[in-house]
Amino acid sequence: MTVSPASQDVTTDRVIDTPGTEATSDQGSPGRDRRTIRQNVVVIRNFLGVIVAIVAAALLFFAKDVVLPFALGMLIALTLSPLTRGVARYGVPPIVSAVCLILAVALTTAGGLYLLSGPVSEWIDQAPQVRLELENRLRDISASLETVREASERVEDIAEAAKDNDVLKVAIDQPGIVTSTALDMVTLATTALVALVLALFLLASNDIFYVKIVESFPNLTEKTRALRIVYSIEQRISRYLLSITLINAGLGVTVGLSMWALGMPQPALWGAIAFLFNFLPYIGALTGIALCAAMALVTFSSLPYALLPPLAYLLANMIEGQFVTPVFLGRRLNLNAVAVFSAVVFWAWMWGIAGALMAVPLLVCFKSMCDHIPALSVVGNFLNSHVPLQEELNRSDHPE
């Protein structure tokens, strides 16, 4: 039986229009297409976010000399802005309070560096002698290492003798410790000068930049969120830096008095070291203790007595870290130890010692942004020092 073309068309139309066939599946495809498009947009947005983060990290790394003074100046301004705002309530113009505060910071820093320049220069001059004395005290420990070093030197001599004598060797003279220190001091002075001038302008502007930030957002909700973020960052940074400065000052006085009581040379310098190094979490305390132990071994002939200064330094840091800082800061910092240590390592790699010192304030700024931006709430939860879910479980297990 032969089927006409017309009947074939009718049959085909009926098959296509029959419920449950491909026509029905095509009717549901727009929803799936919208979901697929939405998922692709999320993936592309996350991918672009990773690219932006990598590019920003590269810019911060290579533009260290330009970005570092501005970041330091903004941190100084955020720390001192509540003081200028509080003084303005009594009729003092912001420009006057800003100049007074910046001059006070500059004079205090310069005075401290001037007072410490003498002891530090003495340490630099005595460094070779201290190194020899320390090697003599640790001769028994380093005897095995010396044997390994001599063996490696013999191997190097044999390898050098086997080489062609006609090879031209080029040696590049590296700058000495005095030259390197002088260059670092010039760079530090330039960075500090630019940061103080920028902080002066920011403090004298009387919140004009806050107004500009708020005006850059279109609707009221975003304006309110931006203002809340700015004031939250300012409040947390100011409280943290002022509190940690006072705590470190107390630690420096305690360590200085302890070193004086134990007979360590230049106890004021040890107090300054404890004050400055404690701005660097974990690593600063360990470095100070190691340095104190080395100098104590050189200073005192009795090994048991030489252990007292580093133990006193360690005890002062333990009291500060376990009792004083939690009482004064408490939950204001609200950052877990892993996040703080990771930030210190990251910014030390990016900007050196200056980056390590600024790591915690920068992390506080980022945590404030995460607390007020819903898209960053997951990151902010990872930075928290407490676990809300675990607290809820503990309360449910131990009802009042």
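The structure we're discussing is the one just above.
My aim in this report is to walk through the structure given alongside it, one point at a time.

## Looking at the overall build of the protein
Along its length, the protein carries 17 helices and 0 strands. Put simply, the protein has 400 residues, and 25% of those count as buried. Within the protein, residue pairs in contact and separated by at least 24 positions form 72% of the contacts whose partners lie at least 6 positions apart. As presented, the protein carries roughly 26,700 Å² of accessible surface, and 69% of it is formed by carbon and sulfur atoms.

## What about the pattern of salt bridges?
The final tally for this structure, using the stated rule, is 3 salt bridges. Arg85 is the partner of Glu234 in a salt bridge, and the nearest nitrogen-oxygen pair spans 2.7 Å. Of this pair, Glu234 sits in helix H9 (residues 220–262) while Arg85 is found in helix H4 (residues 64–88), placing the two residues 149 residues apart along the sequence. By relative accessible area, which is 4% here, Glu234 ends up buried.

## Digging into the packing of aromatic side chains
Going through the model one piece at a time under the given rule, you end up with 8 aromatic pairs. Between Phe275 and Phe279, the ring centres sit 5.4 Å apart and the planes meet at 90°, which makes this aromatic pair edge-to-face. Judged by relative accessible area, Phe275 falls into the partly exposed class, the value being 24%. Between Phe300 and Tyr305, the ring centres sit 4.9 Å apart and the planes meet at 80°, which makes this aromatic pair edge-to-face. Look at Phe300 and you get buried, because its relative accessible area is 14%.

## Quick word on the packing of H9 against helix H15 (residues 359–372)
Relative orientation of the contacting elements H9 and H15 amounts to 150°, with a least axis distance of 9 Å. Here H15 runs roughly antiparallel to H9, going by the angle between their axes. Helix-helix and strand crossings are classified by hand; for H9 and H15 the assignment is right-handed. Here Arg225, Arg228, Ile229, Ser232, Ile233, Arg236, Ile237, Tyr240 and Leu241 of H9 lie close against H15, whose contacting residues are Val360, Pro361, Val364, Cys365, Lys367, Ser368, Met369, Asp371 and His372. Of the residues in the contact of H9 with H15, the class split is 10 nonpolar, 3 polar and 5 charged.

## Digging into the nonpolar core
Ile237, Trp347, Trp351, Met358 and Leu363 are the most contacted members of the largest nonpolar core, which totals 31 residues. Residues contacting Ile237, with those up to four places away along its chain left out, are Leu75, Leu78, Thr79, Pro361, Val364 and Cys365. One finds Val130, Trp270, Ala274 and Met295 within the second-largest nonpolar core, a separate group that totals 21 residues.

## A closer look at unusual backbone geometry
Glycine aside, a negative phi is what most residues show, and trans is what most peptide bonds show. Even without glycine at this site, Gln266 takes up a positive phi of about 55°. Locating Gln266 in the fold gives a position in the loop between H9 and helix H10 (267–277). Not every positive phi belongs to a glycine, and Tyr282 is a case in point at roughly 65°. In this fold, Tyr282 is placed in the loop between H10 and helix H11 (283–299). Note on Tyr282: relative accessible area 43%, which makes it partly exposed.

Calculation notes
Residues numbered from 1 in each chain as written. Predicted model: local features only at pLDDT ≥ 70, side-chain atom pairs only at ≥ 80, totals over all residues. Heavy atoms only, no water. Helix = DSSP H or I, 4+ residues; strand = E, 2+ residues; numbered from the N terminus. Buried < 20%, exposed > 50% of the residue type's maximum accessible area, 1.4 Å probe, protein only. Contact = heavy atoms within 4.5 Å. Areas by Shrake-Rupley, 256 points an atom, 1.4 Å probe, with all protein chains shown as cover. Salt bridge = Lys/Arg side-chain N within 4 Å of Asp/Glu carboxyl O. Phe/Tyr/Trp six-rings, centres within 6.5 Å; stacked < 30°, edge-to-face > 60°. Axes fitted to C-alpha atoms, helices over the stretch in contact; angles between N-to-C directions. Parallel < 35°, antiparallel > 145°, perpendicular 65-115°, else oblique. Left-handed = near helix turned anticlockwise from the far one by under 90°. Nonpolar A, V, L, I, M, F, W, Y, C, P; charged D, E, K, R; others polar. Core = buried A, V, L, I, M, F, W, Y, C linked by side-chain atoms within 4.5 Å.

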